[in-house]
Amino acid sequence: MYTVDCKIVAHATILCGCEKRWHMSTINRGTYQEDAGVQRRRWLILIVLNLFTFMSTLDGSIVNIALPVLSGKLGLPIAQVEWVTTGYLMAICSVILFFGRLGDIVGKIKLFKIGTVVFIAGSLLCGLSGSLPLLVASRIVQALGAAMTMANSQGIVTDIFPATERGKALGLIGTFVSLGSIAGPSLGGIIVSNLGWEYIFWVNVPIGLIAIGLGCKVLPKDLIRVQARIDIPGSLLFACFIVPLFAGLLLGQQHGYGNPGILLALGAATLALIAFLWVELRKPEPLLQLNLFKNPLFSLSILCGFLVFAANFCFNIIAPFYTQSMLGLSPSSAGVLLMLFPICMVVVAPLSGALSDKIGSELLTFAGLIVMVIAQFGLARLHDGSPVALVGVWIGMLGIGSGMFQSPNNSLVMSTVPRTQLGSAGSVNSLVRNIGMVVGITIATTTLFHVMSGLAGHRVTGLVKGRPDIFLAGMHVVFITSASICLAAAVLTGWRFVRTKRVRVEVKRRGPEEGRG
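Residues numbered from 1 in each chain as written. Predicted model: local features only at pLDDT ≥ 70, side-chain atom pairs only at ≥ 80, totals over all residues. Heavy atoms only, no water.

Take the overall build of the protein next. Across its full length, the protein carries 21 helices and two strands. Residues classed as buried in the protein amount to 58% of the 517 residues present. Nonlocal contacts in the protein, meaning residues at least 24 apart in sequence, comprise 84% of its contacts between residues at least 6 apart. (Helix = DSSP H or I, 4+ residues; strand = E, 2+ residues; numbered from the N terminus. Buried < 20%, exposed > 50% of the residue type's maximum accessible area, 1.4 Å probe, protein only. Contact = heavy atoms within 4.5 Å.)

Judged by nonpolar contacts, the single largest core of 140 residues is most densely connected at F246, F315, I318, Y322 and F471. In terms of residue count, the dominant contributor to this core is helix α15 (residues 296-326) (18 residues). In this view, Y322 contacts L327, L382, H383, S386, V391, F471, L472 and M475; residues no more than four positions away in its chain are not counted. (Core = buried A, V, L, I, M, F, W, Y, C linked by side-chain atoms within 4.5 Å.)

The next thing to look at is the packing of helix α7 (residues 83-106) against helix α9 (residues 132-160). In contact at an axis separation of 7 Å, α7 and α9 are set at 35° when each is read in the N-to-C sense. Both α7 and α9 take part in a crossing whose hand is right-handed. Taken together, the residues of the contact of α7 with α9 sort by class into 19 nonpolar, six polar and one charged. (Axes fitted to C-alpha atoms, helices over the stretch in contact; angles between N-to-C directions. Left-handed = near helix turned anticlockwise from the far one by under 90°. Nonpolar A, V, L, I, M, F, W, Y, C, P; charged D, E, K, R; others polar.)

Here we come to the pattern of salt bridges. Pairing between side chains of opposite charge can happen when their charged atoms approach one another. Scanning all chains against the criterion turns up three salt bridges. With its nearest N and O atoms 3.8 Å apart, the salt bridge here joins R139 to D59. On the criterion of sequence distance, the pair formed by R139 in helix α9 and D59 in the loop between α4 (42-58) and α5 (67-74) is long-range, its members being 80 residues apart. Of the two residues, R139 and D59, neither departs from the other in class, the shared state being buried. When the shortest N-O distance is used, the salt bridge between R467 and D469 registers 2.9 Å. In this structure R467 comes out as partly exposed when scored by relative accessible area, which is 35%. (Salt bridge = Lys/Arg side-chain N within 4 Å of Asp/Glu carboxyl O.)

Turning our eyes to something else, we now look at the side chain of T447. You can see T447 is positioned in helix α20 (residues 422-456). With residues up to four places along the chain from it excluded, the contact list for T447 reads V477, V478 and T481.

Next comes the structure, spelled out in structure tokens:
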């Protein structure tokens, strides 16, 4: 049961105008709750959605463990090979809002099905790529398919599941999102060590074909479509914001942020963002429902989720290099060690989600962040001679803290908006999650290379042979930075917990007084 804040009700009223326009422009041919066949298959439908949710988020991080191998195979520095990871996430961020809106117009299930085929085709092409440009291009194809599925999966769940089970189903999708984004390095290490880097992409093909076959049988036809125009100016401006922003951040690591081209790219991103917000505020049917952010609890939950994904991807980008290059572990052994993160998370997340229904989400999110802060500071104290068992303890704690945080925070995101805004909220949640991944990668690599360059006396964009001390110094600063990010999220979550507790006390106090009145 969720506690209703008086301000939430007020913000729901503010959003009423948008809801009316939504209903007036919607073609509704009944509901899935009235279809007994769909209701019998609803959990199979959720399995299909979760399979692609897992694979699409997994592919945002699974390449990280293979970056050292790809760097050696292609003869390129780490900073250039990172385009394989960043290009994928950047493409998703650029188009996910567009595909969310397009799904409302042409049908969410129809677009989801198209996305599954595009994603599998992109995965096949990635494994066949023999050069960096071809691999990055294939990753963009893969990202387009992933964005189609990500943008519409939560909306499909909202349409199909009855209100009594909707929160549970959305929570399971949130768990698979978190699991997929974190399990990449560990699963990737095992695959790269035993099969080769190509198979981190090809593994999607048989699993995806099974999911597509199952989806053809269980996914129903779209019943609800919105009669509206696609916000083309908003879509283009948002892409013009994302692409130069992340391109500037990534290229800045290689050429320095004082480079005129880099400054031009970042300036263009800033202007595009301003223009995007100006256009969206004046659109009757905008690409991004900015009214959602008038709800402070929604905005705070989204912000905390962003910070946690940024912090976790600092770990994701650094841990493979530490475990293989500093501890001397094979990709397979490193993958097994890193597997502690998703294992602990997948055990704790469902328990945390169930417990949040009884005691509320605020306390659990705060406790999870505190555990993450401790784990990140522990990782910041590791060196090339650290016992593997100690490394495992800190990695496991990071997984436990993430599991305690993610499910309750996802519930907070979805419970602080009206039911008619769940689809928009889910798209924003997916967008912010992916932006957090890219920002985390950028923070980690920028900080690492800056510290390493200062100690080496020249610009460094990769490991320096025979100087593990330089990498370790940079790694320590990265983990201190990620711990500080988690600490900031903990402070915000603690404020939210205290504020919500005060509101509950106030509501209880006013109840008897109003009764007497």
